[in-house]
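# Residue-level structure breakdown
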Amino acid sequence: MLPDLRPPAPRTGDDPRGVVVLGSTGSIGCQALEVAALFPDKLRVVALAAGTRWEQLADQARAVRPRLAVIADESKYPNLKDALAGTGVEVQAGAEAVRLLGAVDADVVVAAIVGAAGLAPTLEAVRAGRTVALANKESLVVAGALVEAAAVQSGAVVVPVDSEHSALFQCLIGEPADAVERLVLTASGGPFRQRDGATFAAITPDEAVAHPNWSMGAKISVDSATMMNKGLEVIEARWLFGVPAERIDVVVHPESVVHSVVEFVDGSSKAQVGPPDMKVPIQVALSFPDRWPAAHPRLDWSTAGPLTFEAADRDRFPCLDLAYAALRTGGSAPAALNAANEVAVARFLAGDISFPDIPRLVEAGMAAASTHADTLGALLDVDREARRLARASPHFA
């Protein structure tokens, strides 16, 4: 997706960049609004979208006064409409309205809707040629080839927001693509890095969402605990940077200071480092290709060490190998993996299955994959079938 990794010319002009935030009430969306508030002369929020949290969306809209606020849950439309009466903010509702928001006239679209629901509006933003600050990993996991083709055709710039991909992106700026030998994604290891695998069946949802370094939503926290998040990031990296699976590696780095590493053909490496703070990669995406001064936390090098690194334990965390297998299989296998994982995590959080059942349900759902699913409709068909298989799978002994 980034065949030429050399930076564009810095932006000129004094007008603020128009920003659309898809998924504004989620963790990334809220932090994106906090970053935008730091730069009122550089960023102007023009539209917001959320799923069901109409009260929080109304508060955000009153604070930033966008032109448009969209709630995906149509039943919440009257509430949002009444809450924003007299503010001058236009209110719309429904999944189609959210999708079309991706193409609203703006400079940057923050794609932060969690799950497969974020795919359609993200793809719309790419097709419209926007700069897409991508936090919705499912867009590339499910439909990486479609997103890549749309970006090539429209000239859209996709800037990753995930800390690991932002790190790779920053390390690759100014480097020719043929100089890259290997990408190394770092992983915290999650809350169970040192836990005996024999006790995994006793893991509770509360334990799984208690990430040691990052404050994230429940679903992504469980993905971190299973290491599925790192597997999905491997698939993302393949589409973002055009590097095949065999040249993308994962290493566990529990301090979460080194966010990722690029190794080059001459034996040198670049790493992007810093405290675990999502506002930094969010700002990188909103300001690219510029860098703006901000008072985000700095790393104190006198106390930063020691830093440790270790191989990922693929026996205790089989989701990582499932993701590599899906990437190597290609076609709709990553879409099936992602869909089944969403169902498996939801069932675990609801207390319906155990922690070790998650990769088992994912593997069951991957039976829905097809090598011929090369359109969005076909991919969504696979998504639905994988979810059905994962929901139908019984408890495991």
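Report on the accompanying structure. Note that the structure is predicted; figures quoted are calculated from it, not measured.

## Some points on the overall build of the protein
- Helix and strand content of the protein: 15 helices and 12 strands.
- Over its C-alpha trace the protein gives a radius of gyration of 20 Å, about what one expects of a compact globule, namely 21 Å for 397 residues.
- Considered along the principal axes of its C-alpha atoms, the protein spans approximately 60 × 50 × 45 Å.
- When each of the 397 residues of the protein is scored for burial, the buried share is 54%.
- Within the protein, counting contacts between residues at least 6 apart in sequence, those at least 24 apart form 68% of the total.
- For the protein, the accessible surface area stands at approximately 16,500 Å², while carbon and sulfur atoms represent 52% of it.
- Counting 35 positive and 48 negative side-chain charges, the protein places the centres of these two groups 3 Å from one another.

## Focus: the pattern of salt bridges
- Summed over the entire model, instances satisfying the criterion amount to 26 salt bridges.
- Here Glu34 ties to Lys279 by a salt bridge, and the two come within 3.0 Å at their closest N and O atoms. Here Glu34 is found in helix 1 (residues 27–38), whereas its partner Lys279 is found in helix 11 (residues 279–287), with 245 residues between them in sequence.
- Residue classification places Glu34 among the partly exposed residues on the basis of a relative accessible area of 40%.
- With a relative accessible area of 22%, Lys279 lands in the partly exposed category.
- One salt bridge in this structure joins Arg316 and Asp313, with 2.9 Å as the shortest N-O distance.
- Taking the relative accessible area as the measure of exposure, Arg316 reaches 22% and is therefore partly exposed.
- Look at Asp313 and you get partly exposed, because its relative accessible area is 28%.
- Residues joined in a network through salt bridges with shared partners are Lys137, Asp162, Glu164, Lys230, Glu233 and Glu236.

## Let's talk about the environment of Lys279
- Separated by 26 residues in the primary sequence, Lys279 and His253 have C-alpha atoms spaced 20 Å apart.
- The contacts of Lys279, once residues within four sequence positions are left out, are Gln31, Glu34, Val35 and His296.
- Reaching out from Lys279, the side chain makes a polar contact with the side chain of Glu34 at a distance of 3.0 Å.

## A short note on the nonpolar core
- Counting residues in each nonpolar core, the largest one holds 113 residues, and the members touching the most others are Val20, Leu101, Phe241 and Leu337.
- Broken down by element, the residue count for this core peaks at 8 residues, all from helix 10 (residues 228–241).
- Not counting residues up to four positions away in its chain, the partners in contact with Leu337 are Met228, Leu232, Ile235, Leu322, Ala323, Ala326, Val362 and Met366.
- By size, the runner-up hydrophobic cluster in this structure holds 11 residues, among which are Ala339, Ala368, Ala373 and Ala386.

## Overview of the pairing of strand 3 (residues 68–71)
- On strand 3, burial covers both faces: Leu68 and Val70 on one face and Ala69 and Ile71 on the other are all buried.
- Two elements, strand 2 (residues 43–50) and strand 3, share 4 bridges in a ladder whose sense is parallel. Each residue of the ladder has a partner; that of Ala50, found in strand 3, is Ile71.
- A crossover links strand 2 with its parallel partner strand 3, the connecting element being helix 2 (residues 54–64), and its sense is right-handed.
- Inspection of the sheet shows strand 3 paired to strand 4 (residues 90–93) by 4 bridges, in the parallel sense. Counted as the bridge partner of Ile71 is Ala93 from strand 4.
- In terms of handedness, the path from strand 3 via helix 3 (residues 77–83) over to strand 4 forms a crossover that is right-handed.

## Notes on the packing of aromatic side chains
- All told, the structure shown has 7 aromatic pairs when counted by the stated rule.
- Seen in terms of ring centroids, Phe192 and Phe200 are 6.2 Å apart; in terms of plane orientation they differ by 55°. Their pairing is tilted.
- Given a relative accessible area of 5%, Phe200 falls into the buried group.
- Here Phe200 and Phe317 contribute two aromatic rings whose centre-to-centre distance is 5.7 Å and whose plane-to-plane angle is 50°, an arrangement assigned as tilted. Highlighted residues: Phe200 in the loop between strand 8 (180–187) and helix 8 (205–208) and Phe317 in the loop between strand 12 (310–311) and helix 12 (319–329), separated in sequence by 117 residues.
- Of the aromatic side chains, those joined through ring pairs into one cluster are Phe192, Phe200, Phe317, Phe348 and Phe355.

## Quick notes on the packing of helix 10 against helix 13 (residues 333–349)
- Here helix 10 crosses helix 13 at 155°, and the two axes come no closer than 12 Å. Comparing the axis directions of helix 10 and helix 13 gives the class roughly antiparallel. Where helix 10 crosses over helix 13, the handedness of that crossing is left-handed. Residue-level contacts link Met228, Leu232 and Ile235 of helix 10 to Pro334, Leu337, Asn338 and Asn341 of helix 13.
- Grouping the amino acids of the contact of helix 10 with helix 13 by side-chain chemistry returns 5 nonpolar, 2 polar and no charged.

Thresholds, definitions, all that
Residues numbered from 1 in each chain as written. Predicted model: local features only at pLDDT ≥ 70, side-chain atom pairs only at ≥ 80, totals over all residues. Heavy atoms only, no water. Helix = DSSP H or I, 4+ residues; strand = E, 2+ residues; numbered from the N terminus. Rg over C-alpha atoms; globule rule 2.2 N^0.38 Å. Buried < 20%, exposed > 50% of the residue type's maximum accessible area, 1.4 Å probe, protein only. Contact = heavy atoms within 4.5 Å. Areas by Shrake-Rupley, 256 points an atom, 1.4 Å probe, with all protein chains shown as cover. Lys, Arg positive; Asp, Glu negative; His and termini not counted. Charge placed at Lys NZ, Arg CZ, Asp CG, Glu CD. Salt bridge = Lys/Arg side-chain N within 4 Å of Asp/Glu carboxyl O. Polar contact = N/O pair within 3.5 Å; in protein donor to acceptor, adjacent residues only side chain to side chain. Core = buried A, V, L, I, M, F, W, Y, C linked by side-chain atoms within 4.5 Å. Pairing = 2+ DSSP bridges. Right-handed = clockwise from strand over helix to strand, strands pointing away. Phe/Tyr/Trp six-rings, centres within 6.5 Å; stacked < 30°, edge-to-face > 60°. Axes fitted to C-alpha atoms, helices over the stretch in contact; angles between N-to-C directions. Parallel < 35°, antiparallel > 145°, perpendicular 65-115°, else oblique. Left-handed = near helix turned anticlockwise from the far one by under 90°. Nonpolar A, V, L, I, M, F, W, Y, C, P; charged D, E, K, R; others polar.

What is shown is where atoms sit, not what they do.
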